[in-house]
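Results of the structural survey
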Amino acid sequence: QCDWSSDVCSSDLGVALSSVIGFSWMSVMEYWMGGYFVAFGLQQALSLKKSAAMFRQYDPLAKQVAAYGYALPFIQIGLGLAYFFMVQWLIVGLIALTVLVINVVGVEKVMQHKQTVRCGCLGDGMNVPVGSITLWENLIMIGMVVIMITYHAVSYLAMGGSDTTSMPGMTM
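Owing to the predicted nature of the structure, the values given are computational and were not obtained by experimental measurement. (Residues numbered from 1 in each chain as written. Predicted model: local features only at pLDDT ≥ 70, side-chain atom pairs only at ≥ 80, totals over all residues. Heavy atoms only, no water.)

Per the counting criterion, the structure on display carries five aromatic pairs. Seen in terms of ring centroids, Tyr36 and Phe37 are 5.4 Å apart; in terms of plane orientation they differ by 75°. Their pairing is edge-to-face. In terms of burial, Tyr36 and Phe37 fall into one category: buried. Measuring from ring centre to ring centre gives 6.1 Å for Phe55 and Tyr58, while their planes differ by 55°; the resulting arrangement is tilted. (Phe/Tyr/Trp six-rings, centres within 6.5 Å; stacked < 30°, edge-to-face > 60°. Buried < 20%, exposed > 50% of the residue type's maximum accessible area, 1.4 Å probe, protein only.)

A word on the packing of helix H2 (residues 25–46) against helix H3 (residues 48–58). The N-to-C vectors of H2 and H3 enclose an angle of 110°; their axes lie 5 Å apart at closest approach. As far as their axial angle goes, H3 and H2 are roughly perpendicular. Two secondary-structure elements touch here, H2 through Gln44, Ala45 and Leu46 and H3 through Leu48, Ser51 and Phe55. Within the contact of H2 with H3, the residues separate by chemical class into four nonpolar, two polar and no charged. (Axes fitted to C-alpha atoms, helices over the stretch in contact; angles between N-to-C directions. Helix = DSSP H or I, 4+ residues; strand = E, 2+ residues; numbered from the N terminus. Parallel < 35°, antiparallel > 145°, perpendicular 65-115°, else oblique. Contact = heavy atoms within 4.5 Å. Nonpolar A, V, L, I, M, F, W, Y, C, P; charged D, E, K, R; others polar.)

Taken as a whole, the protein shows an average pLDDT of 81; of its residues, 80% reach a score of 70 or greater. Mean pLDDT per element in the protein: helix H1 (residues 7–21) is the minimum at 48, and helix H5 (residues 66–85) is the maximum at 95. Confidence drops under a pLDDT of 50 for residues 1–14, and excluding neighbours within four residues, the segment shows four contacts in the predicted structure. Contacts from residues 163–167, a stretch scored under 50 in pLDDT, to residues over four places away or in other chains number eight contacts. (pLDDT = per-residue confidence, 0-100.)

With respect to the element layout, Thr134 can be found in helix H7 (residues 132–158). On the basis of relative accessibility, which here comes to 6%, the residue Thr134 falls in the buried class. Not counting the four nearest positions on each side in its chain, Thr134 is found in contact with Val107, Cys119 and Pro129.

What follows is the structure, encoded as structure tokens:
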């Protein structure tokens, strides 16, 4: 008998799902981030020149360093593959966090100045304006990255680790 208002029941369900089918929310987030970065990066890479031009309109780093606008789709593809294979989780998380925060700063400026700017997130594939959806999408992903970094760090520390070369996901 399970009291659904109890935390015990939900944790028992989570443990059961995890042990029977290998389900974990951490894996869902990692694969979601991987899929997002690969899909969007590939879409941007298909129209690289146009994507880079769109990023220069709102991304603060792409405005200053044009090469970043060209590199961003490939950075995203690399991040996506790293999330799929969960390698170098701390480095991947920090790079993803940096990319997403930079993007949020640019999106926020566009929204503050009430500019109409086409989002480079889907490359030339769709005419999507930079706006609140772009902002919330990035903020949610920042939250996911922070949760993943925290989860992996706490798991590592709980295992009594002190040598960063033996951290899960930190091996070469």
